[in-house]
Amino acid sequence: MSAVPSTSRLSPEQVAHHNEHGYVLYNQPVLPQKDFERLKAIFEELLAERGPDNLDTPHFHEPRLLEFLLSDPVLDLVEPLVGPNIGLWSSHFISKDPLKGKATPWHEDSSYWNGRVSTMAGICTLWLALDRATPENGSMGVIPGTHTNGFSEYKPVEDKEGNIFPTEITQVDESKAVYFTLDPNECSLHEARIVHGAKANTSPHRRAGYTMRYFPTTSKLNPERNQGFRVWLARGKDMAGNKYEN
């Protein structure tokens, strides 16, 4: 990993923590407050229109979101982890309703993206809290240090109605899990290969967040596996011959 860039909002210690453990928490405001309020208003609008199950890649049809996804406050958090040449991979609003929000079984993002990009190394998700996220309302948890593989064995979940995904990793040492607590406008950042999940929301408080996902443009996307999928050049330049919307 190269030296931390001068524009980085992460300290060298935070970058080192991410590289060693596969994640890092940023318990400071990510966006200026007025910008955060505008982003949350867009989320509330889309949630009312589409419901909580139809909020994947919302920037495909809502261009107002690109202002935030391609903003310096966000990219200055991502760059020390991804590098100076950054592509916008995806985004997803996730909302867990009070008392009935489903669990997210243990998984690796990389397992769902296998074959779509030349390497999973360096793909980073910034999980921006729109509501306060706590273990009680189903905040994300990770198994530190599990970001070196990315392709574990999976099995069907026992409770299909109570989980977001139909499969889960077969063997996870949950005693090592670290669950996050984030206030609104704070974030976590995690590597695509780390084992992570979340329990169901059994609290009276909603848990909503916005995942902003980025990749180093040294990685080559497989056009055959990404038909209809669109990416943007977020910062720097393309290094692998990928096609970008911008």
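Conventions we followed
Residues numbered from 1 in each chain as written. Predicted model: local features only at pLDDT ≥ 70, side-chain atom pairs only at ≥ 80, totals over all residues. Heavy atoms only, no water. Helix = DSSP H or I, 4+ residues; strand = E, 2+ residues; numbered from the N terminus. Rg over C-alpha atoms; globule rule 2.2 N^0.38 Å. Buried < 20%, exposed > 50% of the residue type's maximum accessible area, 1.4 Å probe, protein only. Contact = heavy atoms within 4.5 Å. Areas by Shrake-Rupley, 256 points an atom, 1.4 Å probe, with all protein chains shown as cover. Lys, Arg positive; Asp, Glu negative; His and termini not counted. Charge placed at Lys NZ, Arg CZ, Asp CG, Glu CD. Pairing = 2+ DSSP bridges. Axes fitted to C-alpha atoms, helices over the stretch in contact; angles between N-to-C directions. Core = buried A, V, L, I, M, F, W, Y, C linked by side-chain atoms within 4.5 Å. Salt bridge = Lys/Arg side-chain N within 4 Å of Asp/Glu carboxyl O.

Asker: It is not clear to me how the overall build of the protein chain should be interpreted in this structure. Could you clarify?
Answerer: Summing up its helical and strand segments, the protein chain has five helices and 12 strands in all. Compactness check: the protein chain gives a C-alpha radius of gyration of 17 Å against a globular reference of 18 Å for 246 residues, within 12% of the reference. With the C-alpha coordinates aligned to their principal axes, the bounding extent of the protein chain is approximately 45 × 40 × 40 Å. Of all 246 residues assigned to the protein chain, the portion counted as buried reaches 50%. If you take every contact in the protein chain between residues at least 6 apart in sequence, the share linking residues at least 24 apart comes to 81%. When the accessible surface of the protein chain is split by element, carbon and sulfur atoms take 50% of a total near 11,300 Å². Charge separation in the protein chain, taken as the distance between the mean sites of 25 positive and 32 negative side-chain charges, equals 3 Å.

Asker: I'm lost on the sheet that holds strand 8 (residues 178-179) in this one. Help?
Answerer: The pairing of strands in a sheet happens through backbone hydrogen bonds and is either parallel or antiparallel. Strand order in this open sheet of four strands is 3-10-5-8, and the pairing throughout is antiparallel. Each edge of the open sheet is held by one strand with a lone partner, namely strand 3 (104-107) and strand 8. Note: strand 5 (residues 140-142) against strand 8, two bridges, orientation antiparallel. Directly across from glycine 141, in strand 8, lies its bridge partner tyrosine 179.

Asker: Would you mind going over unusual backbone geometry with me for this structure?
Answerer: Among all residues save glycine, negative phi is the norm, and among peptide bonds the norm is trans. Despite not being glycine, threonine 57 has its phi angle at roughly 40°, a positive value. Within the secondary structure, threonine 57 sits in the loop between helix 2 (33-50) and helix 3 (66-69).

Asker: Looking at this structure, I do not really get the sheet that holds strand 4 (residues 124-129). What am I missing?
Answerer: In space, the six strands of this open sheet follow the order 1-9-4-11-2-12, with antiparallel pairing throughout. In this open sheet, the two strands that pair with only one neighbour each are strand 1 (23-26) and strand 12 (232-235). On average, adjacent strands in this sheet sit at an angle of 30° to one another, irrespective of strand direction. Bridge count for strand 2 (residues 86-96) against strand 11 (residues 207-216) is 10 bridges, and the pairing is antiparallel. Bridge pairing in strand 11 links isoleucine 94 to glycine 209. Contacts from helix 2 reach strand 2, strand 4 and strand 11, with the element oriented near 60° to strand 2. Seen against the sheet, helix 4 (residues 72-82) touches strand 1, strand 2, strand 4, strand 9 (187-191), strand 11 and strand 12 and runs at an angle of roughly 55° to strand 11.

Asker: Sorry, what's going on with the pairing of strand 4 here?
Answerer: Both faces of the sheet carry side chains from a regular strand, because those side chains alternate between them. In terms of residue burial, strand 4 counts as a mostly covered element, since six of its six residues are buried. Along strand 4, one buried face is formed by Cys124, Leu126 and Leu128 and the opposite face, lined by Thr125, Trp127 and Ala129, is buried too. With six bridges connecting them, strand 4 and strand 11 associate as antiparallel partners. When the sheet's bridge partners are listed, leucine 128 is paired in strand 11 with tyrosine 210.

Asker: Can you walk me through the nonpolar core in this structure?
Answerer: For soluble globular proteins, nonpolar side chains are generally found buried alongside one another. Formed by 38 residues in total, the largest nonpolar core has its most connected members in Leu128, Leu189 and Met212. Contacts of leucine 189, omitting those with residues within four sequence positions, involve His18, Gly22, Tyr23, Val24, Tyr26, Leu77, Val78, Leu81, Cys124, Thr125 and Leu126. In terms of nonpolar packing, the next biggest core, distinct from the first, is built from 10 residues, Trp113, Ala192, Phe215 and Leu221 among them.

Asker: Even after reading the chapter, I still don't get the pattern of salt bridges, so can you show me in this structure?
Answerer: Side chains that differ in sign of charge can pair as their charged atoms come close. Tallied over the entire structure, the rule returns 14 salt bridges. Taking the shortest distance from any N to any O, the salt bridge between glutamate 67 and arginine 38 comes out at 2.5 Å. Taken together, the residues span a long stretch of sequence, with glutamate 67 in helix 3 and arginine 38 in helix 2 at a distance of 29 residues. A residue is classified by how much of its surface remains accessible, and glutamate 67, at 44% relative accessible area, is partly exposed. Here arginine 235 makes a salt bridge to aspartate 76, at a shortest N to O gap of 2.9 Å. Of this pair, arginine 235 sits in strand 12 while aspartate 76 sits in helix 4, and the two are 159 residues apart along the sequence. We note that arginine 235, like aspartate 76, is buried.

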